[in-house]
Amino acid sequence: MRYSESWDHDHCEFCWAKFAEEILIPDSLHEGYATADNYRWICEACFEDFKDQFGWRLIEDRGETAG
Ligand SMILES: [Zn+2]
């Protein structure tokens, strides 16, 4: 989920939980849900809380590879 060389961590849009690589921040979240443009991150708990309210849907992983 690294999207730039300067990427360090992101936060959940709702509860501000921290997402980061485990080697960097061991007690952070390591996965969550991103918007289609990968700009906003949402943790699993908030996704569950708000998905109905916002009508979010999971997008199938199309098996894209970088490059
Ligand atoms: Zn959250």
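Residues numbered from 1 in each chain as written. Predicted model: local features only at pLDDT ≥ 70, side-chain atom pairs only at ≥ 80, totals over all residues.

Engineer: Teacher, can you tell me more about the overall build of the chain here?
Structural biologist: Secondary structure assignment for the chain yields one helix and four strands. Ordering the α and β elements of the chain from the N terminus gives β-β-β-β-α. Across the 67 residues of the chain, 7% fall into the buried class. (Helix = DSSP H or I, 4+ residues; strand = E, 2+ residues; numbered from the N terminus. Buried ≥ 20, exposed ≤ 12 C-beta atoms within 10 Å, placed from the backbone.)

Engineer: Hey, could you run me through the environment of Asp10 in this one?
Structural biologist: With respect to the helices and strands, the residue Asp10 is situated in strand β1 (residues 9-11). Expressed as a C-alpha distance, the spacing of Asp10 and Ile42, which sit 32 residues apart in the sequence, is 9.4 Å.

Engineer: Even after reading the chapter, I still don't get unusual backbone geometry, so can you show me in this structure?
Structural biologist: Trans is the common state for peptide bonds, and a negative phi is the common state for residues other than glycine. At Trp16, a residue that is not glycine, the phi angle is positive and equals roughly 65°. Inspection of the secondary structure assignment puts Trp16 in the loop between β1 and β2 (18-20).

Engineer: Before we go on, may I ask you to explain the confidence of the model for the chain in this structure?
Structural biologist: Reading predicted coordinates in detail is not appropriate for stretches of low pLDDT. Of the residues in the chain, 73% have a pLDDT of 70 or more, and the chain-wide mean is 76. No element of the chain has a lower mean pLDDT than β2, at 79, and none a higher one than helix α1 (residues 44-54), at 89. (pLDDT = per-residue confidence, 0-100.)

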